Amino acid sequence: MQDTNPLYEAILTGQAKEARAFTEQALASGMDPLTLVNGAMSPAMDEVGRRFERNEYFVPELLLSARAMKSALELIRPLLTARGAQPTGRVVIGTVKGDLHDIGKNLVAALLEGGGFEVIDLGVNVPPEKFVATVREKNAHVVALSALLTTTMLSMKTTIDAIQDAGIRAQVKVLVGGAPVTKKFADDIGADGYSENAAGAVALARETMAPAGCQKGSQIVAQSCPLP
Amino acid sequence: MHALIRQLLSRGPVLTDGAWGTQLQARGLPIGEMPEGWNLSHPEDVCGVARAYVAAGSRIILTNTFGGNRCRLEAAGLSDRVRELNLRGVELSRKAAEGRAWVFASIGPSGKMLLADEITRDELGAAFEQQAAALAEGGADGLVVETMGDLDEALLAVAAARATDLPVVACMVFDSGKNRDQTIMGLTPEEAAKALTDAGADVIGANCGRGMGGFALICARLRSATDRPIWIKPNAGLPEIVDGRAAYRTSPEEFAGGAQALVAAGASFVGGCCGTSPDFIQALDQKLHAGTQVSPLLLPG
């Protein structure tokens, strides 16, 4: 079997051109797209996440790796769709009502896509009813809420309440994050999980898709769970 | 050194102001509404915040123009009012200062990331030029480029600010990395100080961050890498939610307890960021001038 290490390295070091070229050539030579995903792309993004959490990678490295991942994924996704493969999970993401900040949310979205999730990005200043409607329409597995401001983080609670009131709370996991958000706050407002950073958010989203077993109490904590 | 900066520093460390956003919210600014819009709709409240800082002892007050760039105002549907909002912001601070404090106008980040191709360098530079020109036209005494996480964006803002010939303060946020002493992009204080000095900023600094605790070291490291005066505005730590509202646990006294260490580490301008209030500034004033004869204020103009 052909070695997928060059793709792993290209993603880890953020080389989009190399990642795409290798993927093109590997697919042309008949490699199974899933071998590329499972053998190189996912492990590479996992390592990017670990380096970010260890403070060895910063935002630029993270963005470049996510971009390299995406450039390879663009070639692979149509093949996977054609054979009826499902994404890892479907995530609806957005910055909550009243908050116009999107950098953190965009980072999480990029990493989630890199991690094989289908991401529906609702943008900034998203009203609770929009989250509710999209979760229903897209049959999402996860809702990821972002807020940068201490004042707007309270909109996270409003959003979770709206999801509850709409009777769809049981079908989605709600993850929250953003500079002022803490584990305690996530507990208080009834979120399913909280991550301190973008890389942790991907691990967290994966945990929610995995069968129960890694859940500590009612909450999922990214840092304390090993990656699958 | 810029003549005004030299004049300001001739009598020791200068007290700047505290947070604006949280103060406006205390006066009724609704959650999620752009504070800059209040320069037009609630000028008395904006002026009230500035006045409270002057009364608390601030010798430099900032302006309610942090998000006054085209990119941010666009998201709030105010992009056609950039000049007006910035002019008005300076005017309101000037009015509050009544000649008892200098007005340094705030320029915050765009919220767009160059690295992610969310905006081009030309667009970003033009947005800062537009804001800086309006602030200068409004009569600001200086410009403060603050809360920057990305050096490239900070450099574009500094270049735009310098084009006005006003003294320029350039501050970044160091809250990432293992020791919470790097920018989100991984830059160290030394690297930032050197680049901002090379770019011609008159004063170099750090603001926001993770509370007073880490700032003395960051200040010393900035100090070691530049010959420019240092500007430090820590926040009051990370907030907690109490009874459904954001609350900062740090008290004014605890905060002010770090002031002398900052000055010892080389800070020339000291104030507060998110979560601080006029009480914090007053406490800083007392600490900074404890046991010394308070010199008469240097009056603007």
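Computed from a predicted structure; not experimentally measured.

### Topic: the overall build of chain A
Helix and strand content of chain A: nine helices and six strands. Taken against the 2.2 N^0.38 rule, which gives 17 Å for 228 residues, the C-alpha radius of gyration of chain A at 17 Å falls within 12% of a compact globule. Its C-alpha atoms give chain A principal-axis dimensions of roughly 50 × 35 × 35 Å. With 228 residues in all, chain A has 53% of them scored as buried. Sequence separation of at least 24 residues holds for 73% of the intrachain contacts in chain A that already meet a minimum separation of 6.

### A closer look at the overall build of chain B
The number of helices and strands found in chain B is 13 helices and 10 strands. For 301 residues, the compact-globule estimate of 2.2 N^0.38 gives 19 Å, and chain B sits close to it at 18 Å. Over its C-alpha atoms, taken along the principal directions, chain B stretches across nearly 50 × 45 × 40 Å. The buried share among the 301 residues of chain B stands at 58%. The long-range share in chain B, meaning contacts at least 24 apart out of those at least 6 apart in sequence, stands at 77%.

### Quick notes on the environment of A:Y8
For A:Y8, the position within the fold is in helix α1 (residues 5–12). Setting aside anything within four residues of it in sequence, one finds A:Y8 in contact with A:A40, A:P43 and A:A44.

### A few points about the pairing of strand β1 (residues 90–95) of chain A
Within a regular strand, side chains alternate between the sheet's two faces. All names here are of chain A. Along β1, five of the six residues are buried, which leaves the element largely enclosed by surrounding structure. As paired strands, β1 and strand β2 (residues 118–121) are joined by four bridges and run parallel to one another. Its bridge partner lying in β2, V91 is registered against V119. Handedness of the β1-helix α5 (residues 103–114)-β2 crossover: right-handed. Relative to strand β3 (residues 142–146), β1 runs parallel, the two being bridged by five bridges. Pairing of V92 across the sheet is with V143, part of β3.

### Considering helix α7 (residues 154–165) of chain A
Residue and element names in this part refer to chain A. Along its 12 residues, α7 runs 17 Å from first to last C-alpha, staying within 8% of the 16 Å computed at 1.5 Å per residue. When α7 is considered as a whole, its buried residues turn out to be L154, S155, M156, K157, T159, I160 and I163. Where the residues of α7 are buried, they touch α6 (128–138), β3 and β4 (173–177).

### Side note on the interface of chain B and chain A
Contacts between the two partners involve 20 residues from chain B and, on the opposite side, 20 residues from chain A. Tallied by class, the residues present in the side of chain B that touches chain A amount to 12 nonpolar, seven polar and one charged.

### Some thoughts on the nonpolar core
Soluble globular proteins: nonpolar side chains tend toward being buried together. If you look at the biggest cluster of nonpolar residues, it comprises 176 residues, and the most contacted ones within it are B:L143 and B:V145. Of the residues forming this core, the biggest block, nine residues, is contributed by helix α4 (residues 59–82) of chain A. Each of domain 1 (5–82) and domain 2 (90–221) of chain A gives at least three residues to this core. With near-sequence residues (within four places) excluded, B:L143 lies in contact with B:F104, B:A105, B:I107, B:A132, B:L135, B:A161, B:T164, B:L166 and B:V168.

### A word on the domain arrangement of chain A
Residue and element names in this part refer to chain A. Taken domain by domain, chain A consists of domain 1 (5–82) and domain 2 (90–221). Using only C-alpha atoms to locate each centre, domain 1 and domain 2 end up separated by 25 Å. If you look at the interface, domain 1 gives 12 residues, while domain 2 gives 13 residues. Among the secondary structure elements, those contributing two or more residues to the side of domain 1 that touches domain 2 are α3 (33–53) and α4. Broken down by class, the residue content of the side of domain 1 that touches domain 2 amounts to eight nonpolar, two polar and two charged.

### Points about helix α4 (residues 43–56) of chain B
Relative to the 20 Å expected for 14 residues at 1.5 Å per residue, α4(B) spans 20 Å between its end C-alpha atoms, a close match to the ideal helical length. Looking at the buried positions of α4(B), the neighbouring elements they touch are α2 (21–26), α3 (38–41), β2 (60–61), α6 (82–97) and α13 (278–288) of chain B.

### A few points about unusual backbone geometry
Residues and elements named next belong to chain B. Notably, D165 is not glycine yet its phi reads approximately 70°, a positive angle. You can see D165 is positioned in the loop between α8 (151–162) and β5 (168–172). For D165, a count of 9 C-beta atoms within 10 Å corresponds to the exposed category.

### Thoughts on the environment of A:T152
By the element assignment, A:T152 lies in the loop between β3 and α7. Separated by 57 residues in the primary sequence, A:T152 and A:T95 place their C-alpha atoms 9.4 Å from one another. Contacts of A:T152, omitting those with residues within four sequence positions, involve A:V96, A:G98, A:D99, A:A147, B:I31 and B:G32.

### Let's talk about the sheet that holds strand β1 (residues 14–15) of chain B
Pairing between the strands of a sheet is mediated by backbone hydrogen bonds and can be parallel or antiparallel. Residues and elements named next belong to chain B. The strand order across the open sheet formed by eight strands is β1-β10-β7-β6-β5-β4-β3-β2, and the pairing between neighbours is parallel. Each edge of the open sheet is held by one strand with a lone partner, namely β1 and β2. As paired elements, β5 and strand β6 (residues 203–208) share four bridges and run parallel to each other. Of the residues in β6, the one forming a bridge with M172 is A206. Packing of α8 onto the sheet brings it into contact with β3 (102–107), β4 (142–148) and β5, and relative to β4 it is tilted by some 175°. Helix α10 (residues 215–225) rests against β6, β7 (230–234) and β10 (267–270) of the sheet, and its axis sits at about 160° to β7.

What counts as what
- Residues numbered from 1 in each chain as written.
- Chains lettered and ligands numbered in written order.
- Predicted model: local features only at pLDDT ≥ 70, side-chain atom pairs only at ≥ 80, totals over all residues.
- Helix = DSSP H or I, 4+ residues; strand = E, 2+ residues; numbered from the N terminus.
- Rg over C-alpha atoms; globule rule 2.2 N^0.38 Å.
- Buried ≥ 20, exposed ≤ 12 C-beta atoms within 10 Å, placed from the backbone.
- Contact = placed C-beta atoms within 7 Å.
- Pairing = 2+ DSSP bridges.
- Right-handed = clockwise from strand over helix to strand, strands pointing away.
- Expected span 1.5 Å × (residues − 1).
- Nonpolar A, V, L, I, M, F, W, Y, C, P; charged D, E, K, R; others polar.
- Core = buried A, V, L, I, M, F, W, Y, C linked by C-beta atoms within 7 Å.
- Domains from an automatic or database assignment.
- Axes fitted to C-alpha atoms, helices over the stretch in contact; angles between N-to-C directions.

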